[in-house]
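Chain residues, written in single-letter form:
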Amino acid sequence: MMDDGNCKVAPAKTFSGSPAVVDQRRPGNEDIKIVKSVGQGGANQAQDVFNIQYGLDQVAPIDGGPSPQLKIDGLCGPKTLKAIRDFQMKHFGWQGADGRIDPDKQTIKMLNLKRNRNTMPHLPPSLATTGWLLADFLRHMPHARSCVQAAISTVQSAKAHGPGTSLVEKHYRIGGALAGLNRIEEVYGLMLKVLDRADHYTTLDTTDEGEGISSVAFARLGGFFLPDNAGKIKIREGAWVASNIEDFAAFVMIHEMRHFVERSSDVGHHAKGWVTDEGMQKLRPDQTVFNCDTYAGFALEARNGEMQRPGWVKTTAFR
Ligand SMILES: [Zn+2]
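Fair warning: this is a prediction, and the values are worked out from it, not measured in the lab.

Cut-offs and rules
Residues numbered from 1 in each chain as written. Predicted model: local features only at pLDDT ≥ 70, side-chain atom pairs only at ≥ 80, totals over all residues. Heavy atoms only, no water. Helix = DSSP H or I, 4+ residues; strand = E, 2+ residues; numbered from the N terminus. Buried < 20%, exposed > 50% of the residue type's maximum accessible area, 1.4 Å probe, protein only. Areas by Shrake-Rupley, 256 points an atom, 1.4 Å probe, with all protein chains shown as cover. Polar contact = N/O pair within 3.5 Å; in protein donor to acceptor, adjacent residues only side chain to side chain. Contact = heavy atoms within 4.5 Å. Expected span 1.5 Å × (residues − 1). Axes fitted to C-alpha atoms, helices over the stretch in contact; angles between N-to-C directions. Parallel < 35°, antiparallel > 145°, perpendicular 65-115°, else oblique. Left-handed = near helix turned anticlockwise from the far one by under 90°. Nonpolar A, V, L, I, M, F, W, Y, C, P; charged D, E, K, R; others polar. Phe/Tyr/Trp six-rings, centres within 6.5 Å; stacked < 30°, edge-to-face > 60°. Lys NZ or Arg CZ within 6 Å of the ring centre and 35° of its normal.

Novice: Just to check I follow, could you spell out the overall build of the protein for this structure?
Specialist: Broken down by element type, the protein carries 12 helices and 7 strands. Sorting the 319 residues of the protein into buried and exposed places 54% on the buried side. A total accessible area of about 14,200 Å² is found for the protein, and carbon and sulfur atoms account for 52% of it.

Put into structure tokens, the structure is as follows:
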């Protein structure tokens, strides 16, 4: 198997069951809020602590942010207490450094002022406490679904009216071959089944199994056909970037689903990129019908109309 190491199909490891993901949500770009006090003598409710840790990690050390960054775990331990005091010292001096953050008071106001909201806080080695990462990514699954549905409609239209200059030909170049069209339609149909299930067959990579495979996501080849939980689509830390761009999230998910619903041994990595990229243009029809990024790019254009090459598409040609 040839690959650039960015999104290999997962090794055939036995999955050990659902991770214990707590239901904590990323604060997002709006102001961080807490319900009760956090810090020295505070109520320290897990979600509040989580939000404060997240916010503090977005503050540069020169502005009183913690260095190294805090582990975002919702637990108010000595490091979090120190980080709160250090932040208060920086901005309010000794008088304001009581180690406690109260709702709507000066420390949280200053925190929201000093946060760099486009900075992703450091995540713990295990993503077990970052259920929001998965939730953030999965927000875009209705969009991914509409892309897959548009792809199916476009393939069906090509079957009914002939290939002509259809979008199918642009991406797959199968010359209107019915077997190919049926194959592509079947694959997208299986993707709908993946998206139909509540968890979309996704889980966080809590064991860092995917380290060195992909920073965003990876899937077990044919995982869809395995008993439940034997294979799932694993979402990793890098999915956070995709979560801010719905087309990106859909692209990632469709790419992974292409591995996930594959019945043969074809890994579906013949080229990566946008359809106009050189490596993608060189693919033969027998490769495009397996190529993960071909499915992703086609579905996006079927849904959105013709698109310029998105900046987040990674280009790799395989030989
Ligand atoms: Zn892949």
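That shown, we press on.
Novice: What is the right way to read the side chain of threonine 107 from this model?
Specialist: Within the secondary structure layout, threonine 107 lies in helix α3 (residues 106-114). Here threonine 107 falls in the buried class, since its relative accessible area comes to 6%. For threonine 107, the side chain forms a polar contact with the side chain of glutamine 88, separated by 3.1 Å. In contact with threonine 107, not counting residues within four places along its chain, are Phe87, Gln88, Phe92, Arg100 and Ile101.

Novice: Would you explain helix α1 (residues 46-57) in this entry?
Specialist: Note that an α-helix has 3.6 residues per turn; residues three or four places apart therefore point the same way. Its 12 residues place the ends of α1 16 Å apart at the C-alpha level, agreeing with the 16 Å of an ideal helix rising 1.5 Å per residue. The buried count for α1 comes to 10 of 12 residues, which makes it a mostly enclosed element. All of the buried residues in α1 are Asp48, Val49, Phe50, Asn51, Ile52, Gln53, Tyr54, Gly55, Leu56 and Asp57.

Novice: Even after reading the chapter, I still don't get the packing of α1 against helix α2 (residues 78-96), so can you show me in this structure?
Specialist: Packed helix pairs are specified by the crossing angle of their axes together with the interaxial distance, meaning the distance between the axes. Packing of α1 against α2 brings their axes to within 11 Å, and their N-to-C directions diverge by 55 degrees. One way to sum up the angle between α1 and α2 is to call them oblique. Crossing hand, α1 versus α2: left-handed. Residues Ile52, Gln53 and Leu56 of α1 form the contact with α2, whose participating residues are Thr80, Ala83, Ile84 and Phe87. For the contact of α1 with α2, the per-class residue count stands at 5 nonpolar, 2 polar and no charged.

Novice: What am I meant to see in unusual backbone geometry here?
Specialist: Most peptide bonds take the trans configuration, and most residues that are not glycine carry a negative phi. Following serine 67, the chain continues into proline 68 via a peptide bond in cis, with omega recorded as 0 degrees. Its location among the elements puts proline 68 in the loop between α1 and α2. At aspartate 104, a position not held by glycine, the phi torsion is positive, near 65 degrees. Judged by relative accessible area, aspartate 104 falls into the exposed class, the value being 61%. Notably, histidine 200 is not glycine yet its phi reads approximately 55 degrees, a positive angle. Residue placement: histidine 200 occurs in the loop between α7 (178-196) and β3 (202-204).

Novice: Would you explain the packing of aromatic side chains in this entry?
Specialist: Describing an aromatic ring pair means giving the distance of the ring centres and the angle of the ring planes. Applying the stated criterion across every chain, the model contains 10 aromatic pairs. Note on tyrosine 172 and tyrosine 295: the rings are 5.2 Å apart at their centroids and 75 degrees apart in plane angle, and the pair reads as edge-to-face. One end of the pair, tyrosine 172, is in helix α6 (residues 167-172); the other, tyrosine 295, is in helix α12 (residues 292-304), with 123 residues separating them in the sequence. Comparing tyrosine 172 with tyrosine 295, the two get one shared label, buried. Ring geometry for tyrosine 172 versus phenylalanine 298: centroids 5.2 Å apart, planes at 75 degrees, classification edge-to-face. Of this pair, tyrosine 172 sits in helix α6 while phenylalanine 298 sits in helix α12, placing them 126 residues apart in sequence. Residue placement shows arginine 197 over the ring face of tyrosine 201; its charged tip is 3.7 Å from the ring centre. One Lys or Arg, arginine 258, reaches over the ring of tyrosine 295 and ends 4.6 Å from the middle of that ring.

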